[in-house]
Amino acid sequence: MSDAAPLPTAEAQDGGVAHEIYPLGLKITGRLVVVVGGGPVAARRARALVEAGARVRVVAPDVCEELAVLARVSAPGAVELVARAYRPGDLDEAWLVHTATGSAEVDHQVSDDAERARVFCVTAGDASVGSAWVPAVARTTLTDDAEVTVSVTAGRDPRRATAIRDAVSAALQSGDLPLRRRRPTPQALGRVWLVGGGPGDTGLVTARGRTVLAQADIVIIDRLGPRALLHELSPDVEVIDVGKTSGNHPVPQHEINALLIQHAQAGRDVVRLKGGDPYVFGRGGEELAACRAAGIEVEVVPGVTSAVSVPAAVGIPVTHRGVARGFSVLTGHDGAAEVPGGADHTLVLLMGVTRLAETADALVTADRPAATPAAVIEDGFGARQRVTVGTLADIAERAAAVGVRPPAVVVVGNVVRLSPAWATQAR
């Protein structure tokens, strides 16, 4: 008889809480897993197993269409259909078994055979019969192609487990949970993400934008990028401000390109956070070309452009049935007079405040008279959002009278009449 002291129980080890299960991830690639049953539950289990690389043997007198299709489209040898009732011996050489027959008697028999064979068994009908449980699973692929797998069990309450899983998955997708890598990766180069931050409201940043931002080592931000997002970053994330104002470009574009390349070549993941969309007057195409020329991997994450969203914020749709059939977007520095179309074709001018009087005069044509409505929307979605309306004949004067200042979006066309401001300001 041994004098060795007994091993401490789970209860003794962690202060009074005994755990019924031991969470574990299984690598089943190339290993045989038996699924007993041919209905929809068995089909879901079989599909997940095939996706994990297992060799799946399905034992059932009849199988549903989903299982039949899975067997047809899977790689040769991935799914074996045994068209008969379960028999002892069907678990030979199996590493794992799932039973979902709808028959308590058969499920018990499979579970008992698995116990004798020392094979873990998941029982769909009555979880208490089996020796293993399938959690609610969410998988999130991160920017470095690593996969975060979240598995939730909740006291054999699958609906509760699913609800918790979905909440955690949403937090991962939104970047609310810490996603930055903590171990160096084998890759020598970092990556660059050109992220459109939308018009400034953090609620209008895409889920993908938040996800990559949560994984960044370096954030290079524009003046109009959603700066409130910076408060959510880890303290060790470096933020580089390259903001430009009218006539003041402290960091020229070629230096911004060089910063992206420099940090990525040093193995850091870089987010270039812009206002609006990277490809709508955001110089995103130039940055992408520079990074690719240097061998840096780049992903463009589109954003909500202010050309559409800011007018919408004050009740101006850029198109409207019977009013405007199309719209054009240009900068206030472009040759506005060359843009075709009349008052039924909306013009959206970005960065147009400085030369507003000159642009308004140039836009007056035979098809676009001086009486064409116009609006200037300042700081769309920001704390000082304001809309000033008028016509091409007087919009510059009205804007100067109230002290309009950038950032602002100018809208020209009959759609301006749809804004509530038109009823109160226009004379």
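Residues numbered from 1 in each chain as written. Predicted model: local features only at pLDDT ≥ 70, side-chain atom pairs only at ≥ 80, totals over all residues. Heavy atoms only, no water.

## What to know about the sheet that holds strand S15 (residues 373-378)
Logical step 1: Sheet architecture is open: 5 strands sit in the order S13-S14-S17-S15-S16, paired in mixed fashion. The open sheet terminates on both sides in strands that have one partner only, identified here as strand S13 (326-331) and strand S16 (386-391). Neighbour-to-neighbour, the strand axes of the sheet open up by a mean angle of 20 degrees, direction not taken into account.
Logical step 2: Each of strand S14 (345-350), S15 and strand S17 (408-412) is contacted by helix H10 (residues 356-363), which is oriented at about 160 degrees to S14, the strand it contacts most.
Logical step 3: Strands in contact with helix H11 (residues 395-402) are S15 and S16; relative to S16, the strand with the most contacts, it is inclined by about 145 degrees. (Pairing = 2+ DSSP bridges. Helix = DSSP H or I, 4+ residues; strand = E, 2+ residues; numbered from the N terminus. Axes fitted to C-alpha atoms, helices over the stretch in contact; angles between N-to-C directions. Contact = heavy atoms within 4.5 Å.)

## Quick look at helix H7 (residues 253-265)
Logical step 1: With 13 residues, H7 should cover 18 Å at 1.5 Å per step; its first-to-last C-alpha distance of 18 Å lies within 8% of that length.
Logical step 2: By the burial criterion, the buried members of H7 are Gln253, Ile256, Asn257, Leu259, Leu260, Ile261, His263 and Ala264.
Logical step 3: Looking at the packing, one finds that the buried side of H7 touches strand S8 (191-196), strand S9 (218-221), strand S10 (238-241), strand S11 (270-274) and helix H8 (284-293).
Logical step 4: Count one or two residues on from H7 and you reach Gly267, which has phi positive near 90 degrees. (Expected span 1.5 Å × (residues − 1). Buried < 20%, exposed > 50% of the residue type's maximum accessible area, 1.4 Å probe, protein only.)

## Side note on the environment of Ser306
Logical step 1: Tracing the backbone through its elements, the reader meets Ser306 in helix H9 (residues 306-313).
Logical step 2: Among the residues examined, Ser306 registers a relative accessible area of 19% and is labelled buried.
Logical step 3: Along the chain, Ser306 and Phe381 lie 75 residues apart, while their C-alpha atoms are 9.6 Å from each other.
Logical step 4: Ignoring any residue separated from it by four or fewer positions in sequence, one finds Ser306 in contact with Pro199, Gly276, Pro311, Leu350 and Val409.

## Concerning the sheet that holds S8
Logical step 1: Taking strand neighbours across the sheet as the criterion, the 5 strands line up as S10-S9-S11-S8-S12 in an open arrangement whose pairing is parallel. Each edge of the open sheet carries a strand with a single partner, namely S10 and strand S12 (297-301). For this sheet the average axis-to-axis angle between neighbouring strands, irrespective of direction, equals 20 degrees.
Logical step 2: Pairing analysis gives 5 bridges linking S8 to S12, with the strands arranged parallel. Following the sheet pairing, Val195 is matched in S12 by Val301.
Logical step 3: Packed onto the sheet, H7 meets S8, S9, S10 and S11 and runs at close to 150 degrees relative to S11.

## Structural notes on a nonpolar patch on the surface
Logical step 1: A grouping of Tyr22, Leu24 and Leu26 is seen on the molecular surface, where their side chains present a nonpolar patch of about 420 Å² in accessible area.
Logical step 2: Within the fold, Leu26 resides in the loop between helix H1 (10-13) and strand S1 (32-36). (Patch = residues over 30% accessible without salt bridge, like charges linked within 9 Å, V, L, I, M, F, W, Y side chains within 5 Å. Areas by Shrake-Rupley, 256 points an atom, 1.4 Å probe, with all protein chains shown as cover. Salt bridge = Lys/Arg side-chain N within 4 Å of Asp/Glu carboxyl O.)

## Topic: the pattern of salt bridges
Logical step 1: Tallied over the entire structure, the rule returns 18 salt bridges.
Logical step 2: Measuring nitrogen to oxygen at the nearest pair gives 3.6 Å for the salt bridge that ties Glu66 to Arg47. Separated by 19 residues along the polypeptide, Glu66 in helix H3 (residues 65-73) and Arg47 in helix H2 (residues 40-51) bring together distant segments of the chain.
Logical step 3: Here Glu66 falls in the partly exposed class, since its relative accessible area comes to 34%.
Logical step 4: Between Lys274 and Glu287 there is a salt bridge, and its shortest N-O distance comes to 2.9 Å. Note that Lys274 is positioned in strand S11 and Glu287 in helix H8, a separation of 13 residues in sequence.

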